[in-house]
Amino acid sequence: MEETQEFKIISSLTEPNASSSAATRQLLNLTFTVATAASNNQSNALGDHLNNTFGSLMEVAARTASSQQAALVEFLRELQQQKITDPATGQQLKFDEDYNKTVWTEVPNLGITVADEWNFDATDSSPDAEEATCYENKSAFLAQLTASPANSVPDPENSPGPFDFSLYALWACREAFEFSSEPRAPTVTSLQAVCHWFIYAADRLWANVQMKRDFRHKPSKSNPAEEGDAYKKKGWVGFNRERWELWVQGLKNARAEADEETAKLVESALKEIERVMDQGWRVQDEEKFA
């Protein structure tokens, strides 16, 4: 992966004063070359390019502290706004006849790449330190994407933005707080991951709660957002106020036993939660007395 042109372009975004716009232009030049190759029946070229791009992005994000990820987020946001013309048809380039997704506006293969990367057990009390750090960094990256302007769409429940990873936030909170009915301190890794979600994406997560966002996949009748083992029979299908309150209380319970670094993250997360909830109450009051 590190030898690919895509990785070299994306890894440059971690350098001081890196330009997301310059990196976007470099990658687009590569995309145009690949699109021409794809139109000449080199069918694997486009798929390889997409996989290299998103694989490199996740790898670099995993190695980069949350405070240094802004250029990576901005790069992907800029890239998603680019429309590529298929040299063979003159129409917008599409990938995969089954899904028919456009390049780059529908960021084809991003979701698959993220899912493939999500294989770390945050509940492990003695994780490999490097793997734990990578998981926390990836969580922070997805949280920043979820909060990005590209997600500002009229109907986020039915047509979520291309970078909406709210379900991953729910999974993080479930791992931390829903597998024991007794107050307890979750693992440091799971707690820090949860904190990143609230620090960067509290507005989006609170909006999910307010709309009671449902993640059931009706065609397959599956429910990826079901409750943790300690709360079976709740029948949860996504975000709701009861679940939110459970998570907030979990953060408060964990704060007292957390180490100094984690305690600071918890405080920041709780401040963001208080902010969005207070904002929501003020909006309701304004509507009531309008």
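Residues numbered from 1 in each chain as written. Predicted model: local features only at pLDDT ≥ 70, side-chain atom pairs only at ≥ 80, totals over all residues. Heavy atoms only, no water.

### A look at the overall build of the protein
Turning to step 1, where the next piece is worked out: What the protein contains, in helices and strands, is 10 helices and 2 strands.
Turning to step 2, where the next piece is worked out: N-terminal to C-terminal, the α/β element order of the protein is α-α-α-α-β-β-α-α-α-α-α-α.
Turning to step 3, where the next piece is worked out: Taken across its 290 residues, the protein has 46% of its residues classed as buried.
Turning to step 4, where the next piece is worked out: Excluding contacts between residues fewer than 6 apart, the proportion of contacts in the protein whose partners are at least 24 apart in sequence is 68%.
Turning to step 5, where the next piece is worked out: As displayed, the protein has an accessible area near 14900 Å², and 46% of this comes from carbon and sulfur atoms. (Helix = DSSP H or I, 4+ residues; strand = E, 2+ residues; numbered from the N terminus. Buried < 20%, exposed > 50% of the residue type's maximum accessible area, 1.4 Å probe, protein only. Contact = heavy atoms within 4.5 Å. Areas by Shrake-Rupley, 256 points an atom, 1.4 Å probe, with all protein chains shown as cover.)

### A look at the pattern of salt bridges
Turning to step 1, where the next piece is worked out: Enumeration over the complete set of coordinates arrives at 13 salt bridges.
Turning to step 2, where the next piece is worked out: We note a salt bridge from R63 to E2, for which the minimum N-O separation is 2.6 Å. Taken together, the residues R63 in helix α3 (residues 44-63) and E2 in the segment before α1 (5-11) connect sequence positions 61 residues apart.
Turning to step 3, where the next piece is worked out: The exposure class of E2 is partly exposed, given its relative accessible area of 42%.
Turning to step 4, where the next piece is worked out: The partner of R77 in a salt bridge is E74, and the shortest N-O contact between them spans 2.8 Å. (Salt bridge = Lys/Arg side-chain N within 4 Å of Asp/Glu carboxyl O.)

### A look at the nonpolar core
Turning to step 1, where the next piece is worked out: Counting residues in each nonpolar core, the largest one holds 77 residues, and the members touching the most others are L76, W104, F141, W197, F198, W244 and L251.
Turning to step 2, where the next piece is worked out: With 11 residues, helix α8 (residues 188-210) is the largest single contributor of residues to this core.
Turning to step 3, where the next piece is worked out: Excluding residues within four positions of it along the chain, F198 makes contact with C173, L205, W244, W247, L251, A269, E272 and I273. (Core = buried A, V, L, I, M, F, W, Y, C linked by side-chain atoms within 4.5 Å.)

### Here's the deal with the environment of A263
Turning to step 1, where the next piece is worked out: Take A263: it is sitting in helix α10 (residues 260-288).
Turning to step 2, where the next piece is worked out: For A263, the contacting residues outside a window of four places in its chain are R255 and A258.

### Thoughts on unusual backbone geometry
Turning to step 1, where the next piece is worked out: A cis amide bond, omega -5°, links V103 with the succeeding residue W104.
Turning to step 2, where the next piece is worked out: Positive phi is not limited to glycine here, since K212 has a value of about 55°.

### Concerning the confidence of the model for the protein
Turning to step 1, where the next piece is worked out: Taken as a whole, the protein shows an average pLDDT of 90; of its residues, 88% reach a score of 70 or greater.
Turning to step 2, where the next piece is worked out: No element of the protein has a lower mean pLDDT than α10, at 82, and none a higher one than α1, at 98.
Turning to step 3, where the next piece is worked out: Considering only residues more than four positions removed or in separate chains, one finds that residues 285-290, a stretch of pLDDT under 50, has 0 contacts. (pLDDT = per-residue confidence, 0-100.)

### Some details on the packing of aromatic side chains
Turning to step 1, where the next piece is worked out: Tallying each qualifying case throughout the model produces 11 aromatic pairs.
Turning to step 2, where the next piece is worked out: Residues W118 and Y135 carry aromatic rings whose centres are separated by 5.6 Å and whose planes lie at 55° to one another, so their mutual orientation is tilted. With a gap of 17 residues between them, W118 in the loop between α5 (110-117) and α6 (129-146) and Y135 in helix α6 connect regions that are remote in the sequence.
Turning to step 3, where the next piece is worked out: Taking relative accessible area as the criterion, Y135 reaches 5% and is therefore assigned buried.
Turning to step 4, where the next piece is worked out: Measuring from ring centre to ring centre gives 5.1 Å for W118 and Y168, while their planes differ by 85°; the resulting arrangement is edge-to-face. Taken as a pair, W118 in the loop between α5 and α6 and Y168 in helix α7 (residues 166-177) lie far apart in primary sequence, 50 residues in all.
Turning to step 5, where the next piece is worked out: A connected cluster of aromatic rings, assembled from ring pairs, spans W118, F120, Y135, F165, Y168 and W171. (Phe/Tyr/Trp six-rings, centres within 6.5 Å; stacked < 30°, edge-to-face > 60°.)

### Focus on the packing of α3 against α5
Turning to step 1, where the next piece is worked out: As a packed pair, α3 and α5 sit with axes 9 Å apart at the nearest point and diverge in direction by 45°. Considering their axes alone, α3 and α5 lie oblique with respect to each other. You can see that α3 and α5 cross each other, and the crossing is right-handed. Residues F54, G55 and M58 of α3 form the contact with α5, whose own contacting residues are L110, T113, V114 and E117. (Axes fitted to C-alpha atoms, helices over the stretch in contact; angles between N-to-C directions. Parallel < 35°, antiparallel > 145°, perpendicular 65-115°, else oblique. Left-handed = near helix turned anticlockwise from the far one by under 90°.)

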